[in-house]
Amino acid sequence: MESHEEKPIIYTMENKPIVTCAGDQALFMSLYNSLTQQLPREPMEWRRSYGRAPKMIHLEANFVQFKEELLPKEGNKALLTFPFLHIYWTDCCDTEAYKASVKEDIVRWQSLLRLHSTLDWLIVVVESDAKKKNKTNILPRTSIVDKIRNDFCNKQSDRCVVLSDPLKDSSRSQESWSSFLTKLRTLLLLSFTRNLGRFEDDMRTLREKRTEPGWSFCDYFMVQEELAFVFEMLQQFEDALVQYDELDALFTQYVLNFGAGDGANWLGSFCQPLRSWNGLLLRRPIDMEKREQIQHSQASLLDLRSYLFSRQCTLLVFLLRPWEVTRRALELLHTCVQELRLLEVSVPQGALDCWVFLSCLEVLQRIEGCCDRAQLEANSSHTVGLWTYATEKMLSLGLLSEMLPHPVSKISRWLALLLRRKGDPKRAESFLQDSVKSYLSEGWALPVAHTRKQMAECQKLLGQTEDYLQTSALLASDTHLSDSERKHFCQEILSFAGQSAGHKVILNMSSFAQLRQLQFRPAAAVVHVGASLQLELRLRSLMPVPVQLEQLAITVHFSLEKGGTWGRAGPGGGAPRRTGQGSPGGAVQFPGESPPGSHPRTTPPTLELYEMQDRSPSDGALNSTGVICKNVHLLLRRQDSAVSLDTPSVNTISMEDGAQLLKTHDVSLLPGNNDILFTAPEPGTYTLRQLCATVGWVQFVLPHIYPIVQYEVYSQEPQLTVEPLADNLVAGLPQTVKFTVVTGHYSIKRGDALQLSNSDSMPILPAPRCTARVLSSATVLSIQSSEKVTSISLPLTPPYHTVEFQLVVLCHVPAGPVRPDPERLTNGEPWHRPRSRLRTHSGMIALDQKISIDCPWSIYSTLVALTFYIPFKAKHSLLSAGKRKYVQVCLQNVSDMNFQLAEQNLMLQQELPMLRLRSLNGQTKQRVYSRQSVFYLWEMMWNTEPLPSLQCLFSISFCPADAQSLHFTPYHYEFQLDSLSTLYSVSADIQPASGESHCKTGSLCGLEVSITRLSELSEAEKQDEGSVESGGLSTTKLMYEVVDNSSNWAVCGKSSGIVSMPIAARATHKVRMEVMPLFAGNLPFPSIKVSKYLPHNALPAIQPDTDGCLENDNISLLDKGLTDDQADTSSIRSRGSVVSLGSGEQQRGLPMPRLEPFGPGQVFNCSQGCQVLVLPSKDDHVLEVNVT
């Protein structure tokens, strides 16, 4: 059976057998009250198995609505949640209604019962004369009942009963009720007996397995206790008590066997060290906490014994046998002591005595609660054992905790009395002080009070005024004395304070009053000059009568610098703090002092740390810094010589000299709590240090206020801040910026205005209405603009308020590159304006614009910088197609916005009639999204030869794509084009080997390179030092190089060379060489590069690369003395755009030939992109094909 199942919370006196009700719920609810009242009236004889005597019981039931979830699951044998009987209710008297719905409903109901192997059911048919009258075509009354019996009760006709007119008061109704209740009691008792017998059989089977490994007493305990709950539910308390007695005996036997060396494994959980000794708990019928611990095998031995006895006690009280509880309790206490020893459980010292003492008191209190005084007196013999045992354990605990005065204290007090009688009050007072210290350390309050009275008498005789007044204050605040004694000592203090002539006496405030709470208004304890900062002090007077204070003052320490650790220290911390931080409502609670005569606090004093700086006397430079503790004498004193707070030494109390005060006069201090109000007017940061109450010649001083608290009265300078409303300000679009003026101590008067300097690159746009907000009110601002200044009139604003308004500005996009201009500030110093910078995450160029603002509260100008970002980035390129030239402009949107583009245009900045730019662009308006690029193309149409360079200006208009009104802003991009003419064209041709129709891999092929001059000699080339005139014809030297970066071709022989090229139109030079294809397929032609070859006597157009070198395949030109004409037979590889020709052994600094690249578009490669078909060779057994 499932012994580990979680069981619900059980209240045994309310549990009843469960009966489910299906069918017509409204019909059942109309009969519910009558049914629950009449069912338990008649007793039933309960005959049980195994020869047990029959008993008369009154059956009750808990009627609930039928649900499938209530039916018992397989393996669940719990009795308390088991439905013992299932009833179907119907008042159907119509055959058609029965066939249509009722019959199917009963079939479904019985199917569910059979599915869960449930055999205990009953069908109740309720007949009513009133319902018959409403039906004219009904059959005789037995027809529906007969149909139900024939359909469902063939062999069990008694399972269908008729209840006639149950709500009428007639003999027929009473007879019908009696028959129905008898049947219901019989069926319910039969089901109960059968299921209870099955449960007892399963429990006995589980008990017989107790010798098997894995058997748990806690699991078995829960099963047998459920049987006890069932008996208790039937009010068979004797049978329920038997179940707990059997569990008690079984557990006791296992513990005894463990002591004899035969231990069960499950007993290990009861051998754990004892951690709880709360005593018995008998005030609840069931201790659910301990029951759950037993259910989860987490209970200790005392937990199990306590729960078991509490259940036995509850049943004994129900059986009216309370005196048996006392007998069993005494046996239990002794048994538990022995069992803890047998199981060798580790028990803390005194824990078992505490458990026994508390258990005795709990049992006695439970007996007193169920018996009257006469019964208790008549049966006192039953409780005497518990009283004796409790007294014994109380004495044991008293000796363990030393709850008796130390003999030294008594001896000191006796010696003091003896010396007092002999007329030596000085020595007597010394012995009495020793006694007080000893009593305080042991916590004896009453002896402290009486000893102090004797000490006060000695101090008065000796004329020790300050000591006598301090002792009188302690006695006046001691609640262990009578009111008359306390008032006498209080009057002693007031009498001295009211003398016409005397001297000032300083006493410790701890015996006079206690500081309980401090509260600031406002709660943050920070206000500006002119505002009200109130400090409310709650002082608890310990005096028995009202005391009139002449003055109550708080000494404060002025700090030059604000504390840097505010808010980090709570009560007891050493760092100063404002009260509003970490305290709800701005209140600081102070720990209550120990009352006079109580045990002194063992908590060490709070650290009082302060910063210490050592500065040079000459220039004030900081030499060293450190931290100093001002109450080190309290922290490092010896414990045995420490002076208690309840006996403060008068000599150690003093007022700080020169301290500032918060004062209030004529305060009446009543017994108990008093609220006193202070006002802090002067600016600064202050720390509360001491509290002083003055009564005539007597001052009561609290030497230190803990935790350390600060408040601040500040004065703030006016501030102006300008910040954008958006994350990024976009150049070229109107942008809104927010102006915030914090007035500080300044009051804005009529006529005050902000003067903003105007800038051509960033004008302030006019707005139809500009409002400023001060707190919750809005005011329309007056804005006047001139050529150089924009004036904004500010509204009237009191100090320490904020004014907010917004302006719209526009930063123009510069046409050329952004360069910082040298500027100067208003004080004459140069202003280092940040350079335009590229945002790393977006690529936008930043522009810093400045605004110079003159404020009415300052003679200096405020310089504010705003950063704008250009949303576009443009670049250009010159494209060639033979002699035809094209200009391409790429416009990239580098911002996070989408724009609408329109009116793109490219124009020349000089007048050139011979040149026309033909636009190849489509639509005039176009949308560009964030991070998207747009390309524009123009063809350059020349009537004559192109110029060497052109100045171009690209312009386009843009506006936000989501703008309601399309107001476009221009964007310009200036650039220069150089080397516009195409000087040479290069073409190549590859022919297969002789006799072959196609090129093949591994076979040599012929490569012919043709270099053709396209134009005549220009004026710019005439100045070129690389050209040579011979016989009226100008020539220049070119270097060609065949390179295959894709490794498709192997160049055989020379791969580069130098040719002498005539500078004449259609002049052509051809170079032939052999190449070998390495792969099959359509292979692209090798790359052909052409560069200018300048002799050694020509000046370089650009600085040569000093690290450049030239590798010679065969020989060095200069080393072998080759002429320029012979150089075209050598094979040269170039590694750089400008490379010197020469040997590595030649000395540096000698003039050497070099290479200079052509400008973009000056050389046009006609064969670029051409391919040739290459077939694989026939003898290759591995085929490699190049697909491009």
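Refer to the structure presented above.
Note that the structure is a prediction, hence the values are computed from the model and not measured.

Criteria and thresholds
- Residues numbered from 1 in each chain as written.
- Predicted model: local features only at pLDDT ≥ 70, side-chain atom pairs only at ≥ 80, totals over all residues.
- Heavy atoms only, no water.
- Pairing = 2+ DSSP bridges.
- Helix = DSSP H or I, 4+ residues; strand = E, 2+ residues; numbered from the N terminus.
- Axes fitted to C-alpha atoms, helices over the stretch in contact; angles between N-to-C directions.
- Contact = heavy atoms within 4.5 Å.
- Buried < 20%, exposed > 50% of the residue type's maximum accessible area, 1.4 Å probe, protein only.
- Polar contact = N/O pair within 3.5 Å; in protein donor to acceptor, adjacent residues only side chain to side chain.
- Expected span 1.5 Å × (residues − 1).
- Arc of directions from axis to C-beta.
- Phe/Tyr/Trp six-rings, centres within 6.5 Å; stacked < 30°, edge-to-face > 60°.
- Lys NZ or Arg CZ within 6 Å of the ring centre and 35° of its normal.
- Salt bridge = Lys/Arg side-chain N within 4 Å of Asp/Glu carboxyl O.
- Core = buried A, V, L, I, M, F, W, Y, C linked by side-chain atoms within 4.5 Å.
- Parallel < 35°, antiparallel > 145°, perpendicular 65-115°, else oblique.
- Nonpolar A, V, L, I, M, F, W, Y, C, P; charged D, E, K, R; others polar.

### Looking at the sheet that holds strand β6 (residues 121-127)
Ordered in space as β4-β1-β5-β6-β7, the 5 strands form an open sheet in which the pairing is parallel. Bordering the open sheet on either side are β4 (62-65) and β7 (160-164), each of which pairs with just one other strand. Between one strand and the next, the sheet's axes are offset by a mean angle of 30°, whatever the strand orientation. Sheet analysis places strand β5 (residues 83-90) next to β6, joined by 5 bridges and oriented parallel. Each bridged residue has a counterpart across the sheet, and for Ile87 the counterpart in β6 is Leu122. The sheet strands contacting helix α2 (residues 95-115) are β1 (18-23), β5 and β6, and the helix crosses β5 at an angle near 175°.

### Structural notes on the environment of His876
Relative to the assigned elements, His876 resides in strand β37 (residues 872-881). Looking at His876, the relative accessible area reads 30%, which means it is partly exposed. Taking the C-alpha atoms as reference points, His876 and Tyr973, 97 residues apart in sequence, are found 9.5 Å from one another. Not counting the four nearest positions on each side in its chain, His876 is found in contact with Gln888, Val889, Tyr973, Phe975, Gln976 and Leu977. A polar atom in the side chain of His876 sits 3.0 Å from the side chain of Tyr973.

### Quick word on helix α18 (residues 483-497)
Given a rise of 1.5 Å per residue, 15 residues ought to cover 21 Å, and the 21 Å separating the end C-alpha atoms of α18 matches this to within 8%. Listing the buried residues of α18 in full gives Arg486, Phe489, Cys490, Ile493, Phe496 and Ala497. One side of α18 carries all its buried residues, which in axial view fall inside an arc of 120°.

### Here we look at helix α11 (residues 351-370)
Along its 20 residues, α11 runs 29 Å from first to last C-alpha, staying within 8% of the 28 Å computed at 1.5 Å per residue. Among the residues making up α11, those that are buried are Ala351, Leu352, Asp353, Trp355, Val356, Phe357, Ser359, Cys360, Glu362, Val363, Leu364 and Ile367.

### Observations concerning the packing of aromatic side chains
With the rule as written, the count across this model stands at 34 aromatic pairs. Residues Phe84 and Phe192 carry aromatic rings whose centres are separated by 4.9 Å and whose planes lie at 45° to one another, so their mutual orientation is tilted. Of this pair, Phe84 sits in strand β5 while Phe192 sits in helix α5 (residues 171-208), and the two are 108 residues apart along the sequence. We classify Phe84 as buried; its relative accessible area is 2%. On the numbers, 6.2 Å between centres and 40° between planes, the contact of Phe251 with Trp266 is tilted. With Phe251 in helix α7 (residues 237-259) and Trp266 in the loop between α7 and α8 (288-295), this residue pair connects regions lying 15 residues apart in the sequence. Both residues of the pair, Phe251 and Trp266, count as buried. Among the aromatic side chains, those forming a connected cluster through ring pairs are Trp215, Phe217, Tyr220, Phe221, Phe251, Tyr254, Trp266, Phe270 and Tyr307. The ring of Trp121 carries Arg159 above its face, with NZ or CZ at 5.9 Å from the centroid.

### Regarding the environment of Tyr936
Structurally, the position occupied by Tyr936 is in strand β42 (residues 933-942). Overall, the relative accessible area of 2% leaves Tyr936 in the buried class.

### As for the environment of Glu939
With respect to the secondary-structure elements, Glu939 resides in strand β42. Counting along the chain gives 61 residues from Glu939 to Leu878, while the straight-line C-alpha distance between them is 10.0 Å. When residues no more than four places from it in sequence are discounted, the contact partners of Glu939 are Arg884, Lys885, Tyr886, Arg916, Leu917, Arg918 and Leu920. A distance of 2.8 Å separates the side chain of Glu939 from the side chain of Arg884, its partner in a polar contact. Separated by 2.6 Å, the side chains of Glu939 and Arg918 make a polar contact.

### Some words on the pattern of salt bridges
Inspection of every chain in the model, using the stated rule, returns 32 salt bridges. For Glu339, the salt bridge identified is with Arg305, shortest N-O distance 2.5 Å. Placement of Glu339 in helix α10 (residues 322-342) and of Arg305 in helix α9 (residues 301-318) is noted, with a sequence separation of 34 residues between them. For the pair Glu339 and Arg305, a shared accessibility class is recorded, and that class is buried. The closest approach of N and O atoms between Arg538 and Asp675, which form a salt bridge, is 3.0 Å.

### Quick word on the sheet that holds strand β44 (residues 969-978)
Sheet strands line up and pair through hydrogen bonds in the backbone, either parallel or antiparallel. The sheet built from 4 strands is open, its strands ordered β41-β39-β43-β44 with antiparallel pairing. This sheet does not close on itself; its edge strands, each paired only once, are β41 (925-928) and β44. Averaged over all pairs of adjacent strands, the angle between strand axes in this sheet comes to 35°, irrespective of strand direction.

### A look at the nonpolar core
Ranked by size, the top nonpolar core spans 102 residues in total, and within it Phe63, Trp89 and Phe180 carry the most contacts. In this structure Phe63 touches Val19, Cys21, Phe28, Tyr32, Leu35, Thr36, Leu39, Ile87 and Leu184, once residues within four positions along its chain are discounted. The next biggest cluster of nonpolar side chains, apart from the first, holds 63 residues, and it includes Val730, Val809, Val934 and Tyr973.

### Things to note about the packing of α10 against α11
Viewed as axis vectors pointing N to C, α10 and α11 meet at an angle of 170°, and their least axial separation amounts to 10 Å. When the axes of α10 and α11 are compared, the pair comes out roughly antiparallel. On the side of α10, the interface is formed by Pro322, Trp323, Val325, Thr326, Ala329, Leu333, Cys336, Val337 and Leu340, while α11 contributes Leu352, Trp355, Val356, Ser359, Cys360, Val363, Ile367 and Cys370. Taken together, the residues of the contact of α10 with α11 break down into 15 nonpolar, 2 polar and no charged.

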